[in-house]
Amino acid sequence: MVARGEVSSILEDYRDLAVVTVCSHSSLQLFHGARQEGFRTIGIAIGKKPPKFYDAFPRAKPDEFFLVDSYEEILDRADELVEKSAVAVPHGSFVEYMGAKSFLKLRLPTFGNRKVLAWESDREKQREWLVGAGIDMPRRFKTPKEIDRPVFVKYYGAKGGKGAFIAKTEAEFREAIKPGQKYTIQEYVVGTRYYIHYFFSPLVEGGYRLSRGSLEMLGIDRRDEANIDEMYKLGASESLIDYGLYPTFVVTGNIPVVLRESLLPTAFDMGERVVEASLDLFGGMIGPFCLETIVTDQLKFKVFEISTRIVAGTNLFISGSPYSDLAEPNMSTGRRIAREIRLAQKKGRLADILS
Ligand code: AMP
């Protein structure tokens, strides 16, 4: 982990800040938003040539590409980015492809609190944090013997629903489980999914106040998952097993949604609890985060996961969402991050939002 003092000393020589991120995931939104707030932008791309698709999106094309052969090379060449006064904005692919361990070693001022990674990447610690905050999570089964209802089985570290499966009995579990891999068994929650995009600012003193700073809701999406979301067209899933077709949960895209308005107070209460607990546990989760929820027909939220940085579902709302529009028009999550960096810079508090 890069020491706090080290980040502060790097920042002393920073002048005209640039926003840098990896060319993937939510990079179009991040570059566009950074540009709206007047920052230079740098896109880290793997390979010998910049990705061509940015040419089609001139308002979201980075001012400069930083080409590397591998994600490891970013670590070795961080000082070149420091010379450019760059601030890294992490997203899911940035952290995933680089690897959490390397990401923690990156000697580059990075938006948010990197301490959150230890609490997010370990499912046990994540549960300890969320349940400790009073969040309702799907019930967990300790052993397959306890399976007495539909369950959802997830492998450790698997992202985007990869390899996850549903079982209704212990026998079904035994048939589908891959040996030698760590897994968790959760109650399968029946309901509708809402991926709520929040933003915690330790700097803003208005709006929805917390013990420190303020909480915003910037949008909500639902993920499109192959093949589960379209499989029903072929009939009952049991009958498809004969053809070797099992449901999979691989995220392929996102759909905008809004919540029943009467659920908003609970949605804010959950966001508030999670942030307050993070302040106590590790000094606070700064910036965007997402609670991945299922709302049951009893209108209760079950949170099955938290993402502690910008999620790709925010890409729907580059020109704002039905929620962010009510705070400020044209405010994407990418732009909101850039706005926070600008605000911190003006207040001389960059070290409070970078790590
Ligand atoms: P995850 O790997 O936790 O991101 O989950 C991938 C997908 O599996 C989610 O987007 C949901 O569609 C589904 N899912 C995860 N956990 C549960 C659960 N406990 N009950 C029902 N569906 C779930």
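Reading the values: the criteria
- Residues numbered from 1 in each chain as written.
- Predicted model: local features only at pLDDT ≥ 70, side-chain atom pairs only at ≥ 80, totals over all residues.
- Heavy atoms only, no water.
- Helix = DSSP H or I, 4+ residues; strand = E, 2+ residues; numbered from the N terminus.
- Contact = heavy atoms within 4.5 Å.
- Near = heavy atom within 4 Å.
- Polar contact = N/O pair within 3.5 Å; in protein donor to acceptor, adjacent residues only side chain to side chain.
- Areas by Shrake-Rupley, 256 points an atom, 1.4 Å probe, with all protein chains shown as cover.
- Nonpolar A, V, L, I, M, F, W, Y, C, P; charged D, E, K, R; others polar.
- Expected span 1.5 Å × (residues − 1).
- Buried < 20%, exposed > 50% of the residue type's maximum accessible area, 1.4 Å probe, protein only.
- Pairing = 2+ DSSP bridges.
- Axes fitted to C-alpha atoms, helices over the stretch in contact; angles between N-to-C directions.
- Phe/Tyr/Trp six-rings, centres within 6.5 Å; stacked < 30°, edge-to-face > 60°.
- Lys NZ or Arg CZ within 6 Å of the ring centre and 35° of its normal.

## Overview of the side chain of S321
Reasoning step 1: With respect to the helices, strands and loops of the structure, S321 is situated in the loop between β14 (301–307) and α13 (333–347).
Reasoning step 2: Setting aside anything within four residues of it in sequence, one finds S321 in contact with L218 and G219.

## Describing the site of the ligand
Reasoning step 1: Around the ligand, a shell composed of 16 residues is seen, among which K154, Q186, Y195, E225 and E305 lie nearest.
Reasoning step 2: Separating an oxygen atom of the ligand from a side-chain N or O atom of Y195 is a distance of 2.4 Å.
Reasoning step 3: Isolated, the ligand exposes 480 Å² of accessible area, and the fraction of that covered by the protein chains is 96%.
Reasoning step 4: Among the elements of the structure, β6 (151–155), β8 (183–187), β9 (192–201), β13 (287–295) and β14 are those that each provide at least two residues to the shell around the ligand.
Reasoning step 5: Partitioning the shell around the ligand into residue classes produces 8 nonpolar, 2 polar and 6 charged.

## So, α13
Reasoning step 1: Look at α13: 21 Å from first C-alpha to last across 15 residues, which is about the 21 Å you get at 1.5 Å a residue.
Reasoning step 2: Buried within α13 we find T333, G334, R335, R336, I337, A338, E340, I341 and A344.
Reasoning step 3: Among the residues of α13, the N-terminal cap falls to S332, whose side-chain oxygen and the backbone nitrogen of G334 are separated by 3.4 Å.
Reasoning step 4: With its phi angle positive at about 65 degrees, G348 sits one or two positions after the end of α13.

## Some points on the pairing of β9
Reasoning step 1: Across the 10 residues of β9, 9 count as buried, placing the element largely inside the fold.
Reasoning step 2: Strand direction decides the pairing type here: β9 and β13, joined by 9 bridges, are antiparallel. Paired with F199 across the strands is P288, a residue of β13.
Reasoning step 3: Sheet topology note: the β9/strand β11 (residues 214–227) ladder contains 7 bridges and is antiparallel. Across the sheet, the residue bridging to I196 is I220, located in β11.

## Things to note about the sheet that holds strand β1 (residues 18–22)
Reasoning step 1: If you trace the 4 strands from one edge of the open sheet to the other, you get β3-β2-β1-β4, paired in parallel fashion. Both outer strands of the open sheet, β3 (64–68) and β4 (86–88), are each paired with one neighbouring strand and no more. On average, adjacent strands in this sheet sit at an angle of 30 degrees to one another, irrespective of strand direction.
Reasoning step 2: Here β1 pairs with β4 via 3 bridges, running parallel. Residue pairing in the sheet places A18 in a bridge with A86 of β4.

## Thoughts on the packing of aromatic side chains
Reasoning step 1: Overall, the coordinates contain 15 aromatic pairs when judged by the stated rule.
Reasoning step 2: Measuring from ring centre to ring centre gives 5.4 Å for W129 and F282, while their planes differ by 90 degrees; the resulting arrangement is edge-to-face. With W129 in helix α8 (residues 123–132) and F282 in helix α12 (residues 264–282), the pair connects residues that are 153 residues apart, well separated along the chain.
Reasoning step 3: The class for W129 is buried, based on a relative accessible area of 1%.
Reasoning step 4: On the numbers, 4.8 Å between centres and 10 degrees between planes, the contact of Y198 with F289 is stacked. Here the residue Y198 occupies a position in strand β9, and F289 occupies one in strand β13, the gap between them amounting to 91 residues. Residue Y198 shares its accessibility class with F289, and that shared class is buried.
Reasoning step 5: Feature note: the residues F31, F53, Y54 and F65 constitute an aromatic cluster, connected by ring pairs.
Reasoning step 6: One residue, R77, lies across the ring of F66, its end atom 4.4 Å from the ring centre.

In short, the description is geometric, and any link to function would need to be established separately.
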